[in-house]
Amino acid sequence: MGYAHEYAHAILHRGRVPMEPTDHVVNWTDAPRKGKFHPDAETFALPGTEDLADAPVAPGLLDAAGTAGAAADGGAGGREAAGAAGGFSLTLLSAMLRDSYGLTGRRLGVQANTDLPGLPFYTHANWSRGTAGGGGLYPVSVHWASGPSGPLTPGLHYYDVHRHALQRLLAGDVTGLVREALGPDAPPEALDTDQYLILGVKYWQNSFKYNSFSFHVVSTDVGTLVQTWRIWAAGRGLSVAPVLWFDEPRLNGLLGVPGEEEAVFAVVPLRWDGAAPVRRAGAEVAGAVPRHRPRARHRDVERSRTLLDFDALRAMHAATLEGAADRPAPGALAAAAALPVEAGGVRAALPEPVFPGGGVRSALRARRSSFGRFDARRPIGAGDLSAVLAACAATRLGGDTDPAGEVRLARVYAFVTHVEGVEPGAYAYDPDRGDLRLVAPGPQGAFLQENYFLANYNLEQAGAVLVPTVRTTAVLDAVGDRGYRLAVGTAGAVAQTFYVAASALGLGAGVALGFDNVSYVERLGLADGDEAPLLIMALGHERPGPADFRHEIA
């Protein structure tokens with residue numbers, strides 16, 4: 001067993017055994033930027049997308065569950081009207097980036113989160129994004145490696161989220177190097193294109209706050225972003241899937257970043273509209289190492305004056321870097337699939353999952369965390385709970401470990417507190433039957449609140465709290481330590497699906513990582529297995545008439 005097993009155990013038990021360093025104090029005055037800064041890089045504005053029709057939300061949320069047509073506009077006609085084509089265009093890419101990671105507005109509301117006192121000040125402004133981010137830190141950097149089939153001069157660009165623009169870091173076609181880094185056994189769709197989104201993680205942008213816990217958080221963040229793209233693309237009849245196994249040092253070198261400080265976590269190939277499949281050279285197919293190794297000309301300028309290092313973070317980086325290019329054999333991940341829900345037992349029926357005919361962009365714009373706003377006086381409907389559960393259970397990251405999306409890694413539990421027609425209790429969701437199997441009867445509100453670390457939610461006021469579990473150690477046993485990024489990224493993908501589904505239904509939502517995982521293991525009867533509760537996701541109606549300020553900028 002590698003170090004990732006030790007780290008996974010520490011994460012699971014951190015509510016009872018604090019992770020080192022226990023004396024870490026966050027220096028907010030020396031915090032890093034929420035994004036990278038290349039002062040001398042040439043900048044290109046991305047095209048506006050205001051005239052682009054929205055895409056239906058249901059295909060991205062429920063396709064894997066076989067119920068995409070349930071939405072009012074979810075059929076082929078809706079996708080056609082949304083502007084689906086043979087692949088991405090510059091306008092579609094601009095829209096996907098803006099809707100996922102770009103800044104879309106400023107929000108200021110009376111709520112229960114700890115950052116509330118600073119939000120009225122412009123320097124502490126809370127800018128909204130479509131994708132959820134652990135602690136609101138957003139450490140994932142998006143780079144676009146574009147080849148000759150694209151609309152720009154081939155090169156490597158950085159997506160500047162604050163200006164919704166591209167910064168050219170390097171001119172010249174580097175997509176052959178990306179294909180070589182992916183390896184000849186990568187999925188064909190990853191090798192037959194010359195357009196790639198490269199996702200890097202700048203550790204300090206998260207570790208300054210979360211120290212040793214940060215590797216877990218950033219892995220979650222990568223999953224939330226990729227899942228936003230998967231939902232967004234599916235609404236337009238397109239598909240995206242991440243590649244997680246590749247020659248990471250080579251791509252770190254392309255970005256010009258020290259691997260121990262910033263690392264590439266995923267590569268997302270894009271099929272470009274009208275582009276023929278790339279004819280790969282013999283050297284690429286064979287994986288030969290080229291003599292010339294281009295590097296980004298521009299470097300990120302750090303704001304923080306003091307950067308700290310953390311042993312667990314460095315060890316996890318090294319553990320997941322080992323064997324990074326050794327892609328697991330086809331089918332290897334099946335050994336770590338979520339276990340089926342046991343037959344029999346007390347069952348609670350749920351209605352068929354149905355989403356209204358809203359759009360992806362609208363749902364992403366409305367997405368937010370409900371910090372302290374839940375109102376138990378308005379129970380949620382069983383149909384809404386059914387739709388959110390079905391969407392979460394259908395979530396897959398896909399990619400090179402599971403190209404067909406056949407392996408369900410996450411199982412979802414529901415702590416029901418205030419749901420119409422469903423008795424309070426802890427349940428396992430059965431996606432094959434579309435119902436709930438009772439695990440622990442009775443009210444769960446006291447348990448939920450006693451085992452939550454922070455004061456920004458009253459979980460008893462939520463209609464239900466959903467808990468995705470992943471057999472983390474089984475994933476590590478099946479595909480190695482690098483599988484930690486996949487296991488936790490899957491939980492992040494489920495969290496983003498949860499947020500989008502709740503937003504589409506007009507419900508409040510909140511996802512948290514600060515809870516006593518072991519207590520949930522005990523309450524759900526998982527002590528004899530390997531399922532790890534990785535998130536808690538609260539769902540419910542919010543109090544009417546909130547005191548909010550919203551200024552939309554996109």
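Residues numbered from 1 in each chain as written. Predicted model: local features only at pLDDT ≥ 70, side-chain atom pairs only at ≥ 80, totals over all residues. Heavy atoms only, no water.

Student: With reference to specific residues and values, describe the nonpolar core.
Tutor: Phe88, Leu199, Trp229, Leu385, Leu436, Leu466 and Tyr484 are the most contacted members of the largest nonpolar core, which has 119 residues in total. If one sorts the elements of this core by residue count, helix 16 (residues 483-504) sits on top with 13 residues. Ala41, Leu169, Val174 and Ile198 belong to the second largest nonpolar core, which has 25 residues in total. (Core = buried A, V, L, I, M, F, W, Y, C linked by side-chain atoms within 4.5 Å. Buried < 20%, exposed > 50% of the residue type's maximum accessible area, 1.4 Å probe, protein only. Helix = DSSP H or I, 4+ residues; strand = E, 2+ residues; numbered from the N terminus.)

Student: An account of the layout of surface pockets is needed here, citing residue identities and associated values.
Tutor: Of the voids in this model, the second largest pocket is the one considered here, and its volume is about 770 Å³. Lining the second largest pocket are 43 residues, with Arg230, Leu238, Ser239, Val240 and Ala241 positioned closest to its centre. Of all the secondary structure elements, the ones that give two or more residues to the lining of the second largest pocket are helix 2 (58-62), helix 6 (188-191) and helix 8 (214-234). Grouping the constituent residues of the lining of the second largest pocket by class yields 24 nonpolar, 10 polar and nine charged. (1 Å grid on protein atoms, 1.4 Å probe; cavity = no way out; pocket = protein on both sides within 12 Å on 5 of 7 lines; lining within 4 Å. Points joined across faces, edges and corners; volume = space filled by probe spheres on them. Nonpolar A, V, L, I, M, F, W, Y, C, P; charged D, E, K, R; others polar.)

Student: Give a description of helix 15 (residues 472-479) that names residues and reports values.
Tutor: Turning to helix 15, its buried residues are Thr472, Ala474, Val475, Leu476 and Val479. Buried residues along helix 15 sit in contact with helix 1 (3-12), strand 13 (464-470), helix 16 and strand 15 (532-533). Gly480 sits one or two positions beyond helix 15 and adopts a positive phi of about 90 degrees. (Contact = heavy atoms within 4.5 Å.)

Student: Explain unusual backbone geometry residue by residue, including any values.
Tutor: Most peptide bonds adopt trans geometry, and most residues besides glycine take a negative phi value. Omega for the bond connecting Glu20 with Pro21 falls within 30 degrees of zero, at 0 degrees, which places this linkage in the cis form. Inspection of the secondary structure puts Pro21 in the loop between helix 1 and strand 1 (42-45). You will see that Tyr138, though not glycine, has its phi angle at about 50 degrees, which is positive. By the element assignment, Tyr138 lies in the loop between strand 3 (126-128) and strand 4 (140-146). Phi is positive for His164, which is not a glycine, with a value near 45 degrees. Considering the arrangement of structural elements, one finds His164 in the loop between strand 5 (155-160) and strand 6 (165-171).

Student: Mind laying out the packing of aromatic side chains, listing which residues take part and the relevant values?
Tutor: Tallied over the full model, the rule gives 20 aromatic pairs. Centre to centre, the rings of Phe374 and Tyr457 are 6.0 Å apart; their planes meet at 25 degrees, and the pair counts as stacked. Taken together, the residues Phe374 in the loop between helix 12 (360-366) and helix 13 (382-393) and Tyr457 in the loop between helix 14 (445-450) and strand 13 connect sequence positions 83 residues apart. Accessibility assignment for this pair places Phe374 and Tyr457 in one class, buried. Consider the rings of Phe415 and Tyr520, whose centres lie 5.4 Å apart with planes at 75 degrees: the pair is edge-to-face. (Phe/Tyr/Trp six-rings, centres within 6.5 Å; stacked < 30°, edge-to-face > 60°.)

Student: Lay out the sheet that holds strand 8 (residues 262-269) in plain terms, naming residues and giving numbers.
Tutor: Spatially, six strands are ordered 1-6-5-4-7-8 in an open sheet, and the strand pairing comes out antiparallel. Unpaired on one side and paired on the other, strand 1 and strand 8 mark the two borders of the sheet. Each neighbouring strand pair of the sheet contributes to a mean axis angle of 30 degrees, computed without reference to strand direction. Here helix 4 (residues 90-100) sits on the sheet and contacts strand 4, strand 5 and strand 7 (195-202); the angle it forms with strand 4, its principal contact strand, is near 175 degrees. (Pairing = 2+ DSSP bridges. Axes fitted to C-alpha atoms, helices over the stretch in contact; angles between N-to-C directions.)

Student: Could you give an account of the sheet that holds strand 2 (residues 105-109), with specific residues and numbers?
Tutor: The three strands are arranged 3-2-17 in an open sheet whose pairing can be described as antiparallel. The open sheet is flanked by strand 3 and strand 17 (548-552), the only strands paired with a single partner. Sheet twist, expressed as the mean angle between neighbouring strand axes with direction ignored, is 30 degrees. Bridge count for strand 2 against strand 3 is three bridges, and the pairing is antiparallel. Residue pairing for strand 3: Gly105 is matched across the bridge by Ser128.

Student: Before we move on, could you go through the pattern of salt bridges and cite the residues and values that matter?
Tutor: The full count for this structure, using the stated rule, is 24 salt bridges. Asp160 serves as the salt-bridge partner of Arg163, at 2.8 Å between the closest nitrogen and oxygen. By relative accessible area, Asp160 is classed as buried at 6%. The shortest N-O distance in the salt bridge between Asp430 and Arg347 comes to 3.1 Å. On the criterion of sequence distance, the pair formed by Asp430 in strand 11 (residues 425-430) and Arg347 in strand 9 (residues 347-348) is long-range, its members being 83 residues apart. (Salt bridge = Lys/Arg side-chain N within 4 Å of Asp/Glu carboxyl O.)

Student: Could you give an account of the side chain of Ser128, with specific residues and numbers?
Tutor: Relative to the assigned elements, Ser128 resides in strand 3. For Ser128, the contacting residues outside a window of four places in its chain are Gly102, Leu103, Thr104, Gly105 and Arg107.

Student: Describe helix 13, and please don't skip the residues or the numbers.
Tutor: For helix 13, built from 12 residues, the straight-helix expectation of 16 Å at 1.5 Å per residue is met to within 8% by its first-to-last C-alpha distance of 16 Å. The complete set of buried residues in helix 13 reads Ala382, Leu385, Ser386, Ala387, Val388, Leu389, Ala390, Ala391, Cys392 and Ala393. (Expected span 1.5 Å × (residues − 1).)

Student: Talk me through the side chain of Asp30; I want residue IDs and the actual numbers.
Tutor: Examined against the element boundaries, Asp30 turns out to sit in the loop between helix 1 and strand 1. Arg303 provides the closest opposite charge to the buried, salt-bridge-free Asp30, at an N-O distance of 5.0 Å. Polar contacts involving the side chain of Asp30 include one to the main-chain amide nitrogen of Arg305, which spans 2.8 Å. Every residue in contact with Asp30, bar those within four places of it in the chain, is listed here: Arg303, Ser304, Arg305 and Thr306. (Lys, Arg positive; Asp, Glu negative; His and termini not counted. Polar contact = N/O pair within 3.5 Å; in protein donor to acceptor, adjacent residues only side chain to side chain.)

Geometric values such as these leave the question of function open.
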